[in-house]
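Below are the chains, spelled out letter by letter.
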Amino acid sequence: MNKESIAAEKFQRLCEIMARLRGPGGCPWDREQTFDTIKPYTLEETYEVLDAIDRRDWQDLAEELGDFLLQAVFYAQMASEQGLFRIEDALDAINAKLVRRHPHVFGEAEAETAGDVKRIWGEVKAAEKKAKGREDETLLGPVPRALPALVEAQQIAGRAAGVGFDWENAEQVIEKLDEELAELAEARRRASPDELEDELGDLLFVVVNLARFVKVDPEQALRRANAKFRRRFGYIERKLAERGKTLNESDIAEMEALRQEAKASMTADEQR
């Protein structure tokens with residue numbers, strides 16, 4: 001049996017297990033779930049996949065991807081029970097979309113660069129919208145408001161840039177960043193909570209755009225910074241414990257000295 005057949009057989013087994021769990025005599029918990037109750041688990045599993053990638057734990061990633069696949073199968077099983085669609089329909093949809101949006105691979109179009117591919121992808125998406133009678137849809141309308149704010153900012157900034165509403169270079173974005181910092185400082189002087197929230201939001205939005213210009217994913221950059229802070233703060237806690245102290249028994253000067261010590265002792269691996 002070839003690898004494709006084995007994968008298909010195992011995917012079918014997953015679908016059968018899910019149907020059994022939801023069926024008569026199945027699991028009471030699984031049977032009482034709905035589309036809305038499963039949504040939080042989908043988000044949780046998404047971040048666990050990202051965490052496994054960040055840690056370069058490939059064995060854990062394989063397990064997390066299994067959990068991630070389960071989410072799709074769970075939704076499809078519930079949809080099938082309600083006569084809405086089946087997992088086969090979801091697979092047909094993504095297979096057709098991948099072929100349709102890669103005419104340079106499966107058709108006659110040509111693409112020499114990643115930029116060519118993005119242009120073709122945009123043209124195909126526009127044609128799809130027109131075919132569905134959605135050509136009058138606003139540019140930012142399809143971006144869900146329920147997205148995490150950082151992801152939403154990435155998507156709407158990218159869409160606006162795609163039609164030319166953008167800075168010319170990263171230097172101009174940095175100038176805008178300086179402008180927003182000055183406006184934030186002014187809002188602080190006025191001590192206006194609403195204005196502070198507004199200006200801080202503008203500042204964060206510009207940072208997201210700067211990340212786009214320097215080709216850094218801001219979500220991953222922040223996750224990396226969070227992981228770095230965790231490591232260094234953990235170092236502070238360990239060193240204080242070796243001195244017979246707790247965090248509350250230390251002061252900012254001692255903790256900052258230990259943070260600098262942690263920074264200096266980080267391995268090349270940690271700094272990548």
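Definitions and cut-offs
- Residues numbered from 1 in each chain as written.
- Predicted model: local features only at pLDDT ≥ 70, side-chain atom pairs only at ≥ 80, totals over all residues.
- Heavy atoms only, no water.
- Helix = DSSP H or I, 4+ residues; strand = E, 2+ residues; numbered from the N terminus.
- Buried < 20%, exposed > 50% of the residue type's maximum accessible area, 1.4 Å probe, protein only.
- Salt bridge = Lys/Arg side-chain N within 4 Å of Asp/Glu carboxyl O.
- Core = buried A, V, L, I, M, F, W, Y, C linked by side-chain atoms within 4.5 Å.
- Contact = heavy atoms within 4.5 Å.
- Phe/Tyr/Trp six-rings, centres within 6.5 Å; stacked < 30°, edge-to-face > 60°.

Draft legend 1. Region of the structure containing the environment of Q172. Within the secondary structure layout, Q172 lies in helix α9 (residues 170-190). We classify Q172 as partly exposed; its relative accessible area is 26%. Measuring from C-alpha to C-alpha, the distance between Q172 and A109 comes to 35 Å, with 63 residues separating the pair along the chain.

Draft legend 2. Geometry of the pattern of salt bridges. Counting across every chain of the model gives 21 salt bridges. With a closest N to O distance of 3.5 Å, D36 and K39 form a salt bridge. Placement of the pair is D36 and K39 together in helix α3 (residues 35-54), with a separation of three residues, close to one helical turn. K176 is the partner of E179 in a salt bridge, and the nearest nitrogen-oxygen pair spans 3.0 Å. One end of the pair is E179 and the other is K176, both in helix α9 and three residues apart, which spans about a single turn. The class of E179 is partly exposed, set by a relative accessible area of 38%. Sharing partners across several salt bridges, the network here consists of D51, R55, D57 and D60.

Draft legend 3. Geometry of the nonpolar core. By size, the foremost hydrophobic cluster in this structure holds nine residues: C15, M18, I38, V73, F74, Y75, A76, M78 and I87. Listing elements by their share of this core, those giving two or more residues are α1 (3-22) and α4 (58-81). If you tally residues by element for this core, the top one is α4, at five residues. Those residues in contact with I38, other than ones at most four positions away along the chain, are W29, Q33, Q71, F74, Y75 and M78. Membership of the second largest hydrophobic core comes to seven residues, among which are V173, L177, L184 and L210.

Draft legend 4. View of the packing of aromatic side chains. A complete count under the given rule lists three aromatic pairs for this structure. The interplanar angle of 15° and the centroid separation of 5.7 Å between the aromatic rings of F229 and F233 together place this pair among those described as stacked. Of this pair, F229 and F233 are both found in helix α11 (residues 218-242), four residues apart, which corresponds to roughly one turn of the helix. Relative accessible area serves as the criterion here: at 28%, F233 is assigned to the partly exposed category.

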